[in-house]
Amino acid sequence: MKKTKINKTVFLTGATGHMGWAGFQELYKRKARFNITLLARPSKKNRKLLAPYENDPSVKIVWGDLMNYSDVLEGVTGADYVLHVGGMVSPQADYYPEKTLEVNVRSAENVVQAILSQPDRDRIRAVYIGSVAQCGDRRLPVHWGRTGDPVYASEFDKYSVSKCIGEKIFADSGLKWWVSLRQSGILYPAIVKNIDPIMFHVPIGGVLEWSTIEDSGRVLANVCESGVPDEFWNRFYNIGSGEQYRLTNYEFEHRLLSALGMDMEKVFEPQWFATRNFHGMWYLDSDVLEDYLHFRGNVPVDDYFRSLVSRLPWFYSLARFVPSSVVRRFMKPLTEVRDLGSQYWVKYDPERMKAFYGSMEEYLDIRTWDRIRPGSPEKNIRRAEEKKEILRLNHGYDTSRSVYTLTEKEVEAAAAFRGGRFIGPAEKLGQRGALFEWECEHGHRFAATLEYVLLGGGWCSSCDMNDVRSHVTPKNRFIWQVLSGQYLE
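Keep in mind it's a predicted model, so treat the numbers as computed, not measured. (Residues numbered from 1 in each chain as written. Predicted model: local features only at pLDDT ≥ 70, side-chain atom pairs only at ≥ 80, totals over all residues. Heavy atoms only, no water.)

A. Up close: the overall build of the chain. If you tally the helices and strands in the chain, you get 19 helices and 16 strands. Expressed along its principal axes, the backbone C-alpha trace of the chain runs to roughly 75 × 60 × 40 Å. Here the analysis covers contacts within the chain between residues at least 6 apart in sequence; of these, 73% occur between residues at least 24 apart. Counting only carbon and sulfur atoms, one obtains 52% of the accessible surface of the chain, whose full area is about 21500 Å². Positive and negative side-chain charges in the chain, numbering 64 and 62 respectively, have mean positions lying 4 Å apart. (Helix = DSSP H or I, 4+ residues; strand = E, 2+ residues; numbered from the N terminus. Contact = heavy atoms within 4.5 Å. Areas by Shrake-Rupley, 256 points an atom, 1.4 Å probe, with all protein chains shown as cover. Lys, Arg positive; Asp, Glu negative; His and termini not counted. Charge placed at Lys NZ, Arg CZ, Asp CG, Glu CD.)

B. Fine view of the sheet that holds strand β11 (residues 236–239). A sheet is described by the order of its strands in space; here seven strands give the open sequence β3-β2-β1-β4-β5-β7-β11, paired in parallel fashion. Strand pairing shows two members of the sheet lacking a second neighbour, β3 (59–63) and β11, which therefore form its edges. Going across the sheet, the axis of each strand differs from the next one's by a mean of 20 degrees, ignoring polarity. The pairing of strand β7 (residues 177–183) with β11 spans four bridges and is parallel. Residue Q183 lies in a different strand from β11, and its bridge partner there is I239. Those strands touched by helix α3 (residues 69–76) are β1 (8–13), β2 (34–40), β3 and β4 (81–84), and its axis lies near 170 degrees from that of β3. (Pairing = 2+ DSSP bridges. Axes fitted to C-alpha atoms, helices over the stretch in contact; angles between N-to-C directions.)

C. Here's a closer look at the side chain of R246. Following the sequence through the fold, R246 ends up in strand β12 (residues 246–248). Taking the relative accessible area as the measure of exposure, R246 reaches 11% and is therefore buried. Within polar-contact distance, the side chain of R246 engages the backbone oxygen of Y283 at 3.3 Å. (Buried < 20%, exposed > 50% of the residue type's maximum accessible area, 1.4 Å probe, protein only. Polar contact = N/O pair within 3.5 Å; in protein donor to acceptor, adjacent residues only side chain to side chain.)

D. Fine view of the packing of helix α5 (residues 97–116) against helix α6 (residues 158–171). It is the contact of α5 with α6, at a shortest axis distance of 8 Å, that shows an interaxial angle of 10 degrees. Here α5 lies roughly parallel to α6, going by the angle between them. At the point where α5 passes α6, the crossing takes the right-handed sense. Judged by residue contacts, P97, E98, T100, L101, N104, V105, A108, E109, V111 and V112 of α5 engage K158, Y159, V161, S162, K163, I165, G166, I169 and F170 from α6. (Parallel < 35°, antiparallel > 145°, perpendicular 65-115°, else oblique. Left-handed = near helix turned anticlockwise from the far one by under 90°.)

E. Main features of the nonpolar core. With 87 residues, the main nonpolar core has L83, L181, F232 and F268 as its most contacted residues. No other element matches the five residues that helix α11 (residues 301–310) contributes to this core. Residues in contact with F232, not counting those within four places in the same chain, are V179, L181, V223, Y237, L289, Y292 and L293. (Core = buried A, V, L, I, M, F, W, Y, C linked by side-chain atoms within 4.5 Å.)

F. Quick peek at the environment of L66. Secondary-structure assignment places L66 in the loop between β3 and α3. When the C-alpha positions of L66 and M264 are compared, they lie 40 Å apart, and in sequence the two are 198 residues distant. Excluding its chain neighbours within four sequence positions, the residues that come into contact with L66 are T13, L39, V72, H84, G86, G87, S107 and N110.

G. Quick peek at the pattern of salt bridges. Applying the stated criterion to the full structure yields 31 salt bridges. A salt bridge links D120 to R123; the shortest N-O distance between them is 2.6 Å. Note on D120: relative accessible area 31%, which makes it partly exposed. A residue is classified by how much of its surface remains accessible, and R123, at 33% relative accessible area, is partly exposed. The salt bridge partner of R138 is D149, with a shortest N-O separation of 3.1 Å. Of this pair, R138 sits in the loop between β5 (125–131) and β6 (144–145) while D149 sits in the loop between β6 and α6, placing them eleven residues apart in sequence. On the accessibility criterion, D149 (0% relative accessible area) is buried. Linked through salt bridges whose partners overlap, the residues forming this network are E26, K29, R30, R33 and E225. (Salt bridge = Lys/Arg side-chain N within 4 Å of Asp/Glu carboxyl O.)

H. Representation of the sheet that holds strand β14 (residues 421–424). Pairing is antiparallel in the open sheet, where three strands are placed in the order β14-β15-β16. Both edges of this open sheet fall to β14 and β16 (445–449), since each of them pairs with a single strand only. Across the sheet, the mean angle separating the axes of adjacent strands is 40 degrees when strand polarity is ignored. In terms of strand pairing, β14 meets strand β15 (residues 435–439) through three bridges, oriented antiparallel. The residue of β15 that forms the bridge with F422 is W438. Contacts from helix α17 (residues 408–417) reach β14 and β15, with the element oriented near 135 degrees to β14.

I. Spatial organisation of the packing of aromatic side chains. A full pass over the atoms with the stated rule returns 31 aromatic pairs. With a centroid separation of 5.9 Å and an interplanar angle of 55 degrees, the aromatic rings of F24 and Y28 are classed as tilted. In this pair, F24 and Y28 both sit in helix α1 (residues 18–29), four residues apart, roughly one turn of the helix. With a relative accessible area of 0%, F24 lands in the buried category. On the basis of an interplanar angle of 70 degrees and a centroid distance of 6.4 Å, the ring pair of Y250 and W369 is categorised as edge-to-face. (Phe/Tyr/Trp six-rings, centres within 6.5 Å; stacked < 30°, edge-to-face > 60°.)

J. Representation of the side chain of R138. Under the relative-accessibility criterion, R138 is labelled buried at 3%. Of note is the side chain of R138, whose polar atom sits 2.8 Å from the backbone oxygen of V142. A distance of 2.7 Å separates a polar side-chain atom of R138 from the backbone oxygen of W144. Setting aside residues no more than four positions away along its own chain, R138 makes contact with H143, W144, G145, D149, G280, M281, L393 and V482.

That is the geometry; function is a separate question.
So, in structure tokens, the structure goes:
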């Protein structure tokens, strides 16, 4: 008798968001191999979006909420793979920071608890979607990064804090199979429509290695395929679409607005953009994930930007006929929005003004685009790249070695590089997922796995990761190298 093949079941949270939807569409193309369970809030918008799939036997929809454990448990039960994509993201996260922290942390706890409650929990493979925001402000000369670099948030970024905490929940959970995939900025058609004060939080001189929405969707589907080796799991990876998608933020804005027929230097004032305290980097290691999951479409970046604009409603094509002065008058009120507007900070919020501009003197010095344009002599990021002037952060141990082969002395040295101590127990070294006790430079004791500390770049859970400058000292050479540019490899 011929054996009936049983499909794998994938439980996906956040399917109605940008990345989750792209992942769902990729999985749905493969429904001959996968059964798909979705958790979605029963909003009018979500019900309309998912209506075409409600009677499809390959799709199960759990109408519920990530904050409700019983809803999450229903989705996890019977799953072979759990893809935790859901949660609050920008711009909602910027308007509701405390709610974002609550939702993103609680949902991670619920997902992990639900997996651990399963009688066959060691069979289930869990994927956590992290964020590039977890590595904070990475301006020149430390704009190149990799997993294992320090994990911390920029000031006032509760979204980043929530993702850092959520990632630790997964990494230190005791799950047999987990992975954290840190998502970069995603390129998707509606990004052009995101006219919001937070667009000016992004330093023009900063960088980002973007990921296309199609690539991000393939990541979620490909990670569930049977060809992914066991060695892939229990690690951290950066999601990026590769070298040609490494752009300065100036290049990004210029490409986007040029495709709409506008000149960014005519529609924006240079002082509107913050000069620091955001996030973004060019990845030294995004090819590692590509080598495992083969998710990149490799669409030439210029073609991709043209396609983004071509998918917009027809009336966007009229933008080229609107005088720049009119567009600038339309944009200016966004900079004055209470709490979130960059010019509101300058007038009424000295703490945020200092965090995002350095000082009033530095802000006033931004008189022309030449002062912040990445191509100016003092900020020529591309020239440094061409000369191979790539500075890699020191991780305090030999990263060419498996962390499971490190000796007690080597782990102690890594902890000392972070300004603290490795307490042990040393006899557990070499065990995957083993929890150890550590101490930070301020005497806080905390539990964390070797994976979280060395592979993920995490550290003390008692110190305020949202305000590292208030407590990190040169004794913590690991984080101090980001803040000062010292101790680099």
